[in-house]
Structures are given as structure tokens and as C-alpha cells.
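Observations on chain architecture
Residue-level listing of the chains:
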Amino acid sequence: MHMQTLPSWVWMVYYSFLFITLVTTVISIIRKKNTFFSIIVAAVTMLVPAVSLINNIGRDGNEFEYWFEQLQEGQMWSIFVTIGYVIIVIWLLTFSFNKQQSSSDKSSE
């Protein structure tokens, strides 16, 4: 068994991505916008790394290679993680679109 890990900069980007997601969900909850979706995304943002970490213990190769291999095999945890990342990306796109929309609404007034 030969375990590797991804470079440090990848982990910095990954955890920054998760942190930004959590901050945006908290902002939305405080502003009472998309509250239900915000709560779902906050939960997903905390669950996805936990599920990945638990399932990556004892892997061969690095985390990304193992996740992709398990996804090709149809493992439920890798499908859950993939869906979770898609939800997070949709959330961030929605949040930034709504932010731009509210900025343009304020400037047109």
C-alpha cells in the first residue's frame, strides 16, 4: 500500500472553497434569503469533507485518484461526495448571481 497526498496548495484552495461556502451560507441565513437551501448547503459543506476523509483512510494513491476510481466503481460515498460538490458549486454560482443582481438593482435606482 503506497499512500500519497496532494500538494499543500491544493488543500489550501480546497479548504478556502469550503470556508467561503460556509461564510456565504451564514450570510444568507442572517439576511433570511434562501434560508432552507442555505442550511442544506451548510450541512453538505460539513458532511462532504468528513465522508471523504473517512473513506480515504487506507487508500492507494492520492485522494483525487482514489475518489475517481471509487466513482467509476459506483461506490455510494463517492457519488454522495460528487453530488455534494455539485450542490456547493450551484450554491456559490447562485449566491454570486444574486449578489450581482442586487448590485445592479441598487445602481439602477
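These notes cover the structure that comes with them. Treat the numbers as computed from the prediction; the structure is a model and nothing was measured.

Let's shift gears to helix α3 (residues 63-72). Restricting attention to buried positions, one finds in α3 the residues Glu 63, Tyr 66, Trp 67 and Gln 70. Axial view of α3: buried residues confined to an arc of 100°, hence all on one face. The N-capping residue of α3, defined by a side-chain oxygen 3.0 Å from the backbone nitrogen of Phe 64, is Asn 62. Positive phi shows up at Gly 74, right after α3, with a value of about 80°.

Time to look at the packing of helix α1 (residues 8-31) against helix α2 (residues 35-56). Orientation of α1 relative to α2, taken along the N-to-C sense of each, is 155°, at an axis distance of 9 Å. In terms of their interaxial angle, α1 and α2 are classed as roughly antiparallel. The hand of the α1/α2 crossing is left-handed. Residues Tyr 14, Leu 18, Thr 21, Leu 22, Thr 25, Ser 28 and Ile 29 of α1 pack against Thr 35, Ser 38, Ile 39, Val 41, Ala 42, Thr 45, Met 46 and Pro 49 of α2.

Let us look at the nonpolar core. Counting residues in hydrophobic clusters, the biggest one holds 14 residues, and the most contacted among them are Trp 77, Val 81, Ile 88 and Trp 91. Contributing elements (two or more residues each) for this core: α1, α2, α3 and α4 (76-108). The biggest single contributor to this core is α4, with six residues. Contact partners of Ile 88, with chain neighbours within four places excluded, come to Phe 17, Leu 18, Thr 21, Val 44 and Thr 45.

All chains considered together, the criterion is met by ten aromatic pairs. With a centroid separation of 5.5 Å and an interplanar angle of 40°, the aromatic rings of Phe 64 and Trp 67 are classed as tilted. Of this pair, Phe 64 and Trp 67 both sit in helix α3, three residues apart, roughly one helical turn. Under the relative-accessibility criterion, Trp 67 is labelled buried at 18%.

This part is about the environment of Thr 5. With respect to the helices and strands, the residue Thr 5 is situated in the segment before α1. Separated by 56 residues in the primary sequence, Thr 5 and Gly 61 place their C-alpha atoms 7.5 Å from one another. Ignoring any residue separated from it by four or fewer positions in sequence, one finds Thr 5 in contact with Trp 11, Arg 59, Asn 62 and Glu 63. Here the side chain of Thr 5 touches Trp 11 through a polar contact of 3.3 Å, side chain to side chain. Among the polar contacts listed, one links the side chain of Thr 5 to the side chain of Glu 63, at a separation of 3.0 Å.

Time to look at the environment of Tyr 66. Position of Tyr 66 relative to the elements: it lies in helix α3. Judged by relative accessible area, Tyr 66 falls into the buried class, the value being 16%. Through-space distance from the C-alpha of Tyr 66 to that of Trp 77 is 12 Å; in sequence the pair is eleven residues apart. Not counting residues within four places of it along the chain, the set of residues in contact with Tyr 66 comprises Asn 55, Asn 56, Arg 59, Asp 60 and Trp 77.

How each quantity is defined
Residues numbered from 1 in each chain as written. Predicted model: local features only at pLDDT ≥ 70, side-chain atom pairs only at ≥ 80, totals over all residues. Heavy atoms only, no water. Buried < 20%, exposed > 50% of the residue type's maximum accessible area, 1.4 Å probe, protein only. Helix = DSSP H or I, 4+ residues; strand = E, 2+ residues; numbered from the N terminus. Arc of directions from axis to C-beta. Polar contact = N/O pair within 3.5 Å; in protein donor to acceptor, adjacent residues only side chain to side chain. Axes fitted to C-alpha atoms, helices over the stretch in contact; angles between N-to-C directions. Parallel < 35°, antiparallel > 145°, perpendicular 65-115°, else oblique. Left-handed = near helix turned anticlockwise from the far one by under 90°. Contact = heavy atoms within 4.5 Å. Core = buried A, V, L, I, M, F, W, Y, C linked by side-chain atoms within 4.5 Å. Phe/Tyr/Trp six-rings, centres within 6.5 Å; stacked < 30°, edge-to-face > 60°.

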